[in-house]
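Here are the chains, one letter per residue:
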2 protein chains.
Amino acid sequence: MVRYDAPLRDYTFLFHEVFQVTDISERLGYEDWDRDTIDMMLEEWGELMRTTWLPTNMDGDKFGCIYENGQVTMPPGFKDAWDLTTAGGWFAAAAKVEHGGMECPLFFRNAMDEFAISANMALSVVSALGLGVYDLLTTHGEAHLIDTYAEKVASGRWCGTMCLTEPHAGTDLGMIRTKAVSLDDGSYSLTGTKMFITSGEHDLSDNIIHMVLAKLPDAPEGSRGISLFLVPKYLPDEDNVNGISCSGIEEKMGLHGSPTCVLNFDASVGWLIGEANSGMSLMFEMMNRERLATGMMGLGLGEVAYQNSLDWCVERRQGRDLRGVKDLHEKADTILVHPDVRRMLLKMKANNEGIRALGTWIGTLLDEMHRGDEESKVHATALIALLTPVIKALGTDLGCETCSLAIQVMGGAGYCSEYGVEQFYRDVRIAPIWEGTNGIQALDLAGRKITQDFGRNLRSLMWPLVEFIEENRDDPAMARYTKPLHQSVRGLQQLTLLMVAEGMGNPHFLAAGATDYCTYFGNTMLAYMWARMARVSLDAKAAGIEDSFYDAKLRLADVFFAEILPDNVGLAAKVQAGHKHLMKFPEASF
Amino acid sequence: MVRYDAPLRDYTFLFHEVFQVTDISERLGYEDWDRDTIDMMLEEWGELMRTTWLPTNMDGDKFGCIYENGQVTMPPGFKDAWDLTTAGGWFAAAAKVEHGGMECPLFFRNAMDEFAISANMALSVVSALGLGVYDLLTTHGEAHLIDTYAEKVASGRWCGTMCLTEPHAGTDLGMIRTKAVSLDDGSYSLTGTKMFITSGEHDLSDNIIHMVLAKLPDAPEGSRGISLFLVPKYLPDEDNVNGISCSGIEEKMGLHGSPTCVLNFDASVGWLIGEANSGMSLMFEMMNRERLATGMMGLGLGEVAYQNSLDWCVERRQGRDLRGVKDLHEKADTILVHPDVRRMLLKMKANNEGIRALGTWIGTLLDEMHRGDEESKVHATALIALLTPVIKALGTDLGCETCSLAIQVMGGAGYCSEYGVEQFYRDVRIAPIWEGTNGIQALDLAGRKITQDFGRNLRSLMWPLVEFIEENRDDPAMARYTKPLHQSVRGLQQLTLLMVAEGMGNPHFLAAGATDYCTYFGNTMLAYMWARMARVSLDAKAAGIEDSFYDAKLRLADVFFAEILPDNVGLAAKVQAGHKHLMKFPEASF
């Protein structure tokens, strides 16, 4: 049996000491979200996840989803866990008050995501999709659609999906074939086949509201000719089926509790969302939150994997401390005495806490983007443009690494199903693939976000970063953090210049280096987060606050700068190596 | 359905062009193993693996091993595949002629291992264990044991196991509790419980011969008090059971076709192998080959994963070449036009071909160690001392990376069971754990092999390496390989000095850096392999041989030096960072 305790202390630190979120929530009109509310709600949510979602997670993996005659039965316990959460009003946390919601800030919703993923990633995905549908619907849907669907989708009583991929069109959505034909009453008739549709069919809710990409008859070629439609499993009022059938679910390596469906639309009735042919840009709008949520999958699974592998290391006794016996009365010391075990554990912990800080920062920026004044909106939009692909790719890559380390410190037990950690290793592996593969994220960063608006995004990022370095220049206690941070920032600037200059002449150069560039970029952002966390911790200690939390945070910052940031040197060399060794390799010799 | 083609061309290159194996086999008295025999046998073995083992591999994963009432039934098709291989005499390839074997060179057996692992890792493990038992038995067993067991174990008609781990004693075998008591007839009575025993019980063979670590009543404490015993499932002649019961098999993340057993020995009759209390050193003797074989697991699975993900990339069409449409008549280009896809595929290919070269080299060194004259024996022994932990750790780490990249290039399909590649990702993950975790390999290298005999091992390695660099100094075509190789070698020397100097005063320093040091070491060995392969390829081209194989090899060498070797800079920095950030982290704050 796995255990999980929500990392509340770390969020108290990030929310109230590093990012001062109550200043943000107050300024942005999240009036009910004062510190007490935030802390209490987060604790309650963590407890709900621990007591109701977590106990179903291993069953989700073991029994999986069952497909029979077009219907999908979710694993034992899932429906109860879902209903309990719906009843508590939790799914509507980020929804508007008029739709029964609590209008929580997005940084808070982001923390909620982390806990949900740790407790049961399969269920958390259903909830994230519901929020995605809700956002699109309420931002771009017509009033009658909002009236019919918004409250039910917000609450979780009706679930949602995103129907993008088709058998021949995944990354390249311009090639989709699903057709939408206009009907007399203003609705549309959709026909086509979608695959890899997460939660496309299940028994958690009475209805499922699909957001479907399709092409109108007169649509332009490629991705500019895609429109977005809302297509419900059951039509409103009539309680009638809508020509949508699920013809199967995929057998997958992990995430067995999440049905991955093939969905057939056969003259299914739907309604246009937003303008005709604007489907791709609407999707991308929604992607900001979804990609952050996907990045948090790496963290959510990394955190629960860390906690459980740590429990093993504290109990397991093998060998002796190399500097002499530690526990004389035992036949062996715990494996926590071994430097290599500590290296693995602390790397996991540093991965988790770094991504948590970055995710929280991005959460606050999403709030600024949605509710801030013009200046902070522009600033936040620029930062989010850059940081979204970074956290999606880096968060999921680090999540995979963390879950792998969790197996490794446990040895054979890590590989055995009984201990539960191997499930996290399998579950997390989808995260670098979906919501746009990490290669696509890297291309988005290097090929679009960097050059957008003549490089304004990057200038918006660099300005506060350089200011932070400047502010801390004269503090000797900060030098161990700001010096490598500064170096990394300078390196990033040089690499960016190289990418832009060479990439202009040859997009292959840019695409060949994009992944390593993206990782370099992400490591630099983590270095910034660690330096900021170190600053706050040093201040707390200087103020005489006695709390070992700050000492541990400072030590972990050391771990980051010693064990993770040094990868950047190699990454830079790989970007500089260019593309020729890749592109000149003859196709026949692969 | 997965496909597999044995990499015969690459072995022809390594065997006959890089390592000149027929010179070795002739000199060492492997008289029947001329070039034609080697090539023909290897082709036949590859074909057998492809046609008989591979088709059972997915069923092995899907149906797994079934445990019922103390008995284990292997997956469908396994017994037939095993019997066919036994009937062909293949398992006895490396056994002595007097035991029905073919006395093949060990570099050949190593190549056999790779193919077997690619085709069906679960079956390959049974075969590897049989060879391990055979080696121990024939080298250290008494004549009556050899007479009874050697031929049958060699042939595969009887299988074998290694029984080391106990519930509380894995890495730290000094703590085992299994007891052996001397009986009047020279045999022993063994009692105890062993766990994680691969193929401890199954229905492939009539008998299973266990090699069991146990303690004699008067044995010294710890690992110096361990003895090795041969304990058969059925006693000879009497065809009688021997008090060994299997009380369960583990549910594991992968390798479902391989039963991982809990075995109880209850006054089971066994015979001492070698001297009393020499069990650990006998085990380590056997480990050289087993650890090489485990390193090859990374390669075997990496190779079959590469082949199948490549097939996907050649067929799958998404997006367009960034420099302009490639296939005008198609709606999209194959994803092989994308630099990032090529980067992933070529990294996989470079990982595989580098480890294959290193494994082949070590295979030839094992032959030299067993059959060479005194000088080459001493030299080979020194090199193997160093290279064994390196190939075990690096080969399995790279295998995990390669299988992960195979999933990534396939996107969602990589994560779905239907395409078969996700199985390799799960199967390969055990390899960094067993036969001594990779952390233990790194400690073995850094803490023992480097300093052994006042550093003689390392001198033995450096001498030919530096000579190779020297020889190629004046060839401008080789500079792109020898320059970074030279740099890496110099870096390795400096890191080694640091490890030894600091490690003398503080073993924590050495242990904290061991894993990164080991990877650095391994990358340097790969650089040496790639430089040697480049040398041979350049010579072939200079000799006017028209074969695109050499061009591809040279391009792939470029990929290694551009995409893999640059990691060394970061690794060195991590070693230099020492241990304090790890050891000072307070236990309560983990």
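The coordinates are above.
Residues numbered from 1 in each chain as written. Chains lettered and ligands numbered in written order. Predicted model: local features only at pLDDT ≥ 70, side-chain atom pairs only at ≥ 80, totals over all residues. Heavy atoms only, no water.

Observations regarding the side chain of lysine 233 of chain B
Alright, step 1. Locating lysine 233 of chain B in the fold gives a position in the loop between strand E7 (227-232) and strand E8 (234-235).
Alright, step 2. Setting aside its immediate chain neighbours within four residues, lysine 233 of chain B contacts Glu201, His202, Asn207, Ile208, His210, Asn240, Val241, Asn242 and Ile244 of chain B. (Helix = DSSP H or I, 4+ residues; strand = E, 2+ residues; numbered from the N terminus. Contact = heavy atoms within 4.5 Å.)

A word on the environment of alanine 527 of chain B
Residue and element names in this part refer to chain B.
Alright, step 1. Mapped onto the elements of the fold, alanine 527 is located in helix H15 (residues 507-542).
Alright, step 2. Alanine 527 sits in the buried class, given a relative accessible area of 0%.
Alright, step 3. Dropping the residues within four chain positions of it, alanine 527 is found in contact with Leu485, Phe560, Phe561 and Leu565. (Buried < 20%, exposed > 50% of the residue type's maximum accessible area, 1.4 Å probe, protein only.)

A few points about the state of the cysteines
All names here are of chain A.
Alright, step 1. Applying the stated criterion across every chain yields a total of zero disulfides over all chains.
Alright, step 2. Cysteine cysteine 313 shares no disulfide, and the gap to the nearest cysteine sulfur, in cysteine 403, comes to 14 Å.
Alright, step 3. Cysteine 313 sits in the buried class, given a relative accessible area of 0%. (Disulfide = S-S within 2.5 Å.)

Describing a negative patch on the surface
Residue and element names in this part refer to chain A.
Alright, step 1. Residues Glu31, Asp32, Asp34 and Asp36 make up a contiguous surface patch of negative charge.
Alright, step 2. Inspection of the secondary structure assignment puts aspartate 36 in helix H3 (residues 35-63).
Alright, step 3. A residue is classified by how much of its surface remains accessible, and aspartate 36, at 60% relative accessible area, is exposed. (Patch = residues over 30% accessible without salt bridge, like charges linked within 9 Å, V, L, I, M, F, W, Y side chains within 5 Å. Areas by Shrake-Rupley, 256 points an atom, 1.4 Å probe, with all protein chains shown as cover. Salt bridge = Lys/Arg side-chain N within 4 Å of Asp/Glu carboxyl O. Lys, Arg positive; Asp, Glu negative; His and termini not counted. Charge placed at Lys NZ, Arg CZ, Asp CG, Glu CD.)

Focus on the pairing of strand E3 (residues 158-163) of chain B
Each regular strand carries side chains that alternate between the two faces of the sheet.
Residues and elements named next belong to chain B.
Alright, step 1. With six of six residues buried, E3 is to be regarded as a mostly interior element.
Alright, step 2. Neither face of E3 is left uncovered, since the one carrying Trp158, Gly160 and Met162 and the one carrying Cys159, Thr161 and Cys163 both have all their residues buried.
Alright, step 3. Both E3 and strand E6 (residues 207-214) contribute to a ladder of six bridges, which runs parallel. Paired with glycine 160 across the bridge in E6 is isoleucine 209. (Pairing = 2+ DSSP bridges.)

What about helix H13 (residues 452-471) of chain A?
Residues and elements named next belong to chain A.
Alright, step 1. With 20 residues, H13 extends 29 Å from end C-alpha to end C-alpha; this agrees with the ideal 28 Å at 1.5 Å per step.
Alright, step 2. Within H13, the axis deviates most sharply at arginine 459, by approximately 30°.
Alright, step 3. Looking only at H13, the buried set comprises Gly455, Asn457, Leu458, Ser460, Leu461, Met462, Pro464, Leu465, Phe468 and Ile469.
Alright, step 4. Those residues of H13 that are buried are in contact with helix H8 (339-371), helix H9 (374-410), helix H12 (438-449), helix H14 (479-505) and helix H15 (507-542). (Expected span 1.5 Å × (residues − 1). Bend = angle between axes of the 7 residues up to and from the residue.)

Overview of the relation of the copies chain B and chain A
Alright, step 1. Least-squares fitting of chain B to chain A yields an RMSD of 0.0 Å, with the transformation described by 0.0 Å of translation along the axis and a rotation of 180°. In symmetry terms, the pair is related by a two-fold rotation axis.
Alright, step 2. Both copies share a contact surface, since 100% of the interface residues of chain B are interface residues in chain A too. (Least-squares fit on C-alpha atoms with pLDDT ≥ 70 in both.)

Shape is all these values report; function is a separate question.
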